[in-house]
Amino acid sequence: MYKSILIPTDGSELAAKAVQHGMAFAKEIGAKITILTVTMPFHVFTLDPQIVEDTVDQYKKRVQADTAKLFGTVAKAANAAGVACETVQVEHEHPYRAIIDTAKSRGCDLIVMASHGRRGVSAIVLGSETIKVLTHTKIPVLVHR
């Protein structure tokens, strides 16, 4: 059925659950997984408190360290589960676009990702990368809640 599954993660608790679910599913069906994390480019003008406090070099070092830690944890879990796993980090202004582009370029036939966890008006107003992926891709998406 599915041979290559893309699992995007931002390192959040909800995304970690989607990673676990996607990994278990991949093991069940004998698929390989690609774990993706998308980072935002450094902006001089931003409201993100972590970027405001950083220089470009500090930001890049922090992102690299965070990504290495995240990928280390995921790779260890995949190895323990016996699931073939690749990791990809992409810098992109629009995470949903990076998710779709990576799925296409890596030949993934399924995307497994977390919902944002919001409901009602806040989900509509604030939007969601998951909703954007769902509405802009032709690749099947399994949403973990």
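Data block above holds the structure.
Remember, predicted model here, so these are calculated numbers, not experimental data.

### Some words on the overall build of the protein chain
When you go through the protein chain residue by residue, the secondary structure sums to 6 helices and 5 strands. Across the protein chain, helices and strands are ordered from the amino to the carboxyl terminus as β-α-β-α-α-β-α-β-α-α-β. A total of 145 residues make up the protein chain; the buried ones form 37% of that total. A fraction of 72% describes how many contacts in the protein chain between residues 6 or more apart in sequence connect residues 24 or more apart. Here the protein chain has roughly 8,700 Å² of accessible surface; of this, 56% comes from carbon and sulfur atoms.

### Let's talk about the packing of aromatic side chains
Taken as a whole, this structure holds 2 aromatic pairs when the rule is applied. Taking 6.4 Å as the distance between ring centres and 55° as the angle between the ring planes, the aromatic pair formed by Y2 and F25 counts as tilted. Pair noted here: Y2 is in the segment before strand 1 (4-8) and F25 is in helix 1 (residues 13-29), with a separation of 23 residues, a long-range link. You can call F25 partly exposed: its relative accessible area is 25%. On the basis of an interplanar angle of 55° and a centroid distance of 5.5 Å, the ring pair of F42 and Y59 is categorised as tilted. Of this pair, F42 sits in the loop between strand 2 (32-39) and helix 2 (49-52) while Y59 sits in helix 3 (residues 56-81); the two residues are 17 residues apart in sequence, bridging distant segments of the chain.

### Comments concerning helix 3
Residues spaced three or four apart along an α-helix point in a common direction, a consequence of the helix completing one turn every 3.6 residues. For helix 3, which comprises 26 residues, the first-to-last C-alpha distance of 37 Å matches the rise-based estimate of 38 Å (1.5 Å per residue) to within 8%. Buried within helix 3 are the following residues: Y59, V63, T67, L70, F71, V74 and A78.

### Remarks on the sheet that holds strand 3 (residues 85-91)
Spatially, 3-2-1-4-5 is the arrangement adopted by the 5 strands of the open sheet, whose pairing is parallel. The sheet is open, and its two borders are formed by strand 3 and strand 5 (141-144), each paired with just one other strand. Strand-to-strand twist across the sheet, computed as the mean angle between neighbouring axes with direction ignored, equals 25°. Lying on the sheet, helix 3 is in contact with strand 2 and strand 3; it crosses strand 2 at an angle near 165°. Across the sheet, helix 6 (residues 129-136) touches strand 4 (110-114) and strand 5, and the angle it forms with strand 4 is around 160°.

Conventions used here
Residues numbered from 1 in each chain as written. Predicted model: local features only at pLDDT ≥ 70, side-chain atom pairs only at ≥ 80, totals over all residues. Heavy atoms only, no water. Helix = DSSP H or I, 4+ residues; strand = E, 2+ residues; numbered from the N terminus. Buried < 20%, exposed > 50% of the residue type's maximum accessible area, 1.4 Å probe, protein only. Contact = heavy atoms within 4.5 Å. Areas by Shrake-Rupley, 256 points an atom, 1.4 Å probe, with all protein chains shown as cover. Phe/Tyr/Trp six-rings, centres within 6.5 Å; stacked < 30°, edge-to-face > 60°. Expected span 1.5 Å × (residues − 1). Pairing = 2+ DSSP bridges. Axes fitted to C-alpha atoms, helices over the stretch in contact; angles between N-to-C directions.

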